[in-house]
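# Chain and residue survey
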Amino acid sequence: VGYYTIRVKALGFVETIVADVEVKKGIEPLIVSLGRGGSISGRVVGPDGVTIKDAVIEITGNRGRTTTGENGDFRLNALQDGYYSLFIKAKGYASTYSQQYHVKDGKDLSLPAITLYTGGSIRGRVLDEKGNPLKDAEIRASGLSYGIDKTKEDGFFFIDGLRPGEYYLYPN
């Protein structure tokens, strides 16, 4: 007895939330309709046009993730009507963010090929105030792309797959 918020999830369907459901004594069925939502599909290629297998495609804001198949194709399903940006990364390539796309309920948004370029790297060493190497310090690079590494026993770190540009390094 009381008021509840009901969250319903099913594979291949858009999550549905029903707020302020009143529950009384006795059994009254609650019918919740789930929609299939929309989807985003595309292909990831390198600068030479060759497809990239196992690239990671993430919807920004932790709202979905997938990887590319053998032919570089990907699909993100069961997306609510709304605006989405993608974060794309693959080993040996600079990560990148996409523009924002509008996904409509019941529609597949097929993107043009997303090209990843080989990236640069940043190598450095972290020392304490006495000049001793710091082990396991987490170093983040932030700029046109993003990277992270932990320092080794000798204090060195190596972050690769960065797009050319200016970066800020900071420990975490």
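Residues numbered from 1 in each chain as written. Predicted model: local features only at pLDDT ≥ 70, side-chain atom pairs only at ≥ 80, totals over all residues. Heavy atoms only, no water.

The next subject is the nonpolar core. Nonpolar side chains tend to gather and get buried jointly when the protein is soluble and globular. One finds I40, V44, F74 and L86 to be the most contacted residues of the largest nonpolar core, which totals 18 residues. Secondary-structure elements contributing two or more residues to this core are β3 (38-45), β4 (56-59), β6 (73-79), β7 (82-89) and β8 (96-103). Setting aside its immediate chain neighbours within four residues, L86 contacts I40, I57, E58, I59, T60, F74, L76, T96, Y97, S98 and L111. One finds I122, V126, L162 and Y167 within the second-largest nonpolar core, a separate group that totals 9 residues. (Core = buried A, V, L, I, M, F, W, Y, C linked by side-chain atoms within 4.5 Å. Buried < 20%, exposed > 50% of the residue type's maximum accessible area, 1.4 Å probe, protein only. Helix = DSSP H or I, 4+ residues; strand = E, 2+ residues; numbered from the N terminus. Contact = heavy atoms within 4.5 Å.)

This brings us to the environment of D54. Positionally, D54 belongs in the loop between β3 and β4. Put simply, D54 and V14 are 40 residues apart on the chain and 25 Å apart in space, counted from C-alpha to C-alpha. Residues in contact with D54, not counting those within four places in the same chain, are T67, T68 and G69.

Once the charged atoms of two side chains with opposite charge are near each other, the side chains can pair. As enumerated under the stated definition, the model contains 9 salt bridges in all. The partner of K53 in a salt bridge is D54, with the nearest N and O atoms 3.6 Å apart. For K53, a relative accessible area of 42% corresponds to the partly exposed category. Overall, the relative accessible area of 46% leaves D54 in the partly exposed class. Across the pair E153 and K135 runs a salt bridge whose closest N-O atoms are separated by 3.7 Å. One end of the pair, E153, is in the loop between β13 (146-150) and β14 (156-162); the other, K135, is in the loop between β11 (120-125) and β12 (138-142), with 18 residues separating them in the sequence. The structure contains a network of salt bridges with shared partners spanning K53, D54 and E70. (Salt bridge = Lys/Arg side-chain N within 4 Å of Asp/Glu carboxyl O.)

In this structure the tally under the stated criterion is 1 aromatic pair. Centre to centre, the rings of F87 and Y97 are 4.8 Å apart; their planes meet at 45°, and the pair counts as tilted. Of this pair, F87 sits in strand β7 while Y97 sits in strand β8, and the two are 10 residues apart along the sequence. For Y97, a relative accessible area of 47% gives the class partly exposed. Across from the ring centre of F156, 4.3 Å away, lies the NZ or CZ of R123, which sits over that ring. (Phe/Tyr/Trp six-rings, centres within 6.5 Å; stacked < 30°, edge-to-face > 60°. Lys NZ or Arg CZ within 6 Å of the ring centre and 35° of its normal.)

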